[in-house]
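Structural features, examined
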Amino acid sequence: TQLLEQSPQFLSIQEGENLTVYCNSSSVFSSLQWYRQEPGEGPVLLVTVVTGGEVKKLKRLTFQFGDARKDSSLHITAAQTGDTGLYLCAGAMNRDDKIIFGKGTRLHILP
Amino acid sequence: EAGVAQSPRYKIIEKRQSVAFWCNPISGHATLYWYQQILGQGPKLLIQFQNNGVVDDSQLPKDRFSAERLKGVDSTLKIQPAKLEDSAVYLCASSLVDWRRDEQFFGPGTRLTVL
C-alpha cells in the first residue's frame, strides 16, 4: 500500500502553461515536504509544510497543505524548461516516524 | 560548502557478489540517511544514523544489508550477497539534526546494477 499517492505519474506540457500536481493520503501527516530530483542527482528540498491549510510560495511555485493534513498540491505558473524533473512529496504521519516518499510526478516542459 | 559525497557513482556486479558504497556527509551534520530508490519509485529509507548510533533501520533487509558509521562521520553500506532486485540507486543524505527541522541534503547516489 502506497501511503502517499502522487498524480499524475507523468505530465508533459508546453512552456508557459500552468500545471498542478497532487500528493494524497488517507492518513494525516504531521509534516509534508516537496522535492525536485533531476536525472543523475539526489532530490533537492523545495518546501516543508506543517500546518493544515498552509500555503507557501517559492517564485512561480505555490504549495498548499490540505486543511485536514491528508493532501498537498504543487502549482507551477508559467512553466519553464528548467522546471523539468521528478517532483516527490514526502512526510511522516507522526512526529517520531521515519520519512516516506511518494513515487513522484515526472514533469517534462516542452520548449 | 562541499555537499554530500558518494562513491562509486556506478557499480555493476553479478548476483551473489558483494558490494559496498561509501558516503561522506556534510561537515557537522549529525544525522546520516541511506535510501534505496528503485527505478520509477521514490526513495525508501533503509537506515538513519544520528552520530554513530542507529535511529531507524526498520526497512533494512538485515539478512543481506549492513551499514556502519563508526566515527560518526562517513558511512558505508554493504550488500552481501546481492540479488537482482537490489538493482537501484542508493542515495545518502545528511542533515544537521532532524529532517523535519533541518534540510536534508542528498548526494548524487550510486547506481547499482545486479546481473
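Look a little higher up for the structure.
What counts and what doesn't
Residues numbered from 1 in each chain as written. Chains lettered and ligands numbered in written order. Predicted model: local features only at pLDDT ≥ 70, side-chain atom pairs only at ≥ 80, totals over all residues. Heavy atoms only, no water. Contact = heavy atoms within 4.5 Å. Buried area = accessible area lost by both parts, 1.4 Å probe. Salt bridge = Lys/Arg side-chain N within 4 Å of Asp/Glu carboxyl O. Polar contact = N/O pair within 3.5 Å; in protein donor to acceptor, adjacent residues only side chain to side chain. Helix = DSSP H or I, 4+ residues; strand = E, 2+ residues; numbered from the N terminus. Nonpolar A, V, L, I, M, F, W, Y, C, P; charged D, E, K, R; others polar. Disulfide = S-S within 2.5 Å. Pairing = 2+ DSSP bridges. Axes fitted to C-alpha atoms, helices over the stretch in contact; angles between N-to-C directions.

**Describing the interface of chain A and chain B**
- If you look at the interface, chain A gives 22 residues, while chain B gives 19 residues.
- On the chain A side of the interface with chain B, the three residues burying the most area are A:Lys98, A:Ile99 and A:Phe101, jointly 33% of the side's total.
- At the junction of chain A with chain B, the criterion picks out zero salt bridges.
- For the interface between chain A and chain B, the tally reads six residue pairs in polar contact (both at pLDDT 80 or more).
- For the side of chain A that touches chain B, the elements supplying multiple residues, two or more each, are β4 (31-37) and β9 (85-92) of chain A.
- Here the residues of the side of chain A that touches chain B are counted per class, giving eight nonpolar, eight polar and six charged.

**Remarks on unusual backbone geometry**
All names here are of chain A.
- A cis amide bond, omega -10°, links Ser7 with the succeeding residue Pro8.
- Looking at the secondary structure, you find Pro8 in the loop between β1 (5-7) and β2 (10-14).
- Its identity is not glycine, yet Lys59 carries a phi of approximately 55°, on the positive side.
- Take Lys59: it is sitting in the loop between β6 (55-58) and β7 (61-65).

**Quick word on the state of the cysteines**
Residues and elements named next belong to chain A.
- All told, the structure shown has two disulfides over all chains when counted by the stated rule.
- Residue pairing for Cys23: its cysteine sulfur links by disulfide to Cys89, the two sulfurs lying 2.0 Å apart. Across the S-S bond of Cys23 and Cys89 the torsion is about 75°, and the bridge reads as right-handed. In this pair, Cys23 sits in strand β3 (residues 19-24) while Cys89 sits in strand β9, placing the two residues 66 residues apart along the sequence.

**Overview of the sheet that holds β1(A)**
Residue and element names in this part refer to chain A.
- The five strands are arranged β1-β3-β8-β7-β6 in an open sheet whose pairing can be described as antiparallel. Looking along the sheet, the strands with just one partner apiece sit at the ends: β1 and β6. Shown here is a sheet whose adjacent strand axes are inclined to one another by a mean of 15°, direction ignored.
- Relative to β3, β1 runs antiparallel, the two sharing three bridges. The residue of β3 that forms the bridge with Ser7 is Tyr22.

Interpretation note: all reported values are geometric properties and have no functional meaning in isolation.
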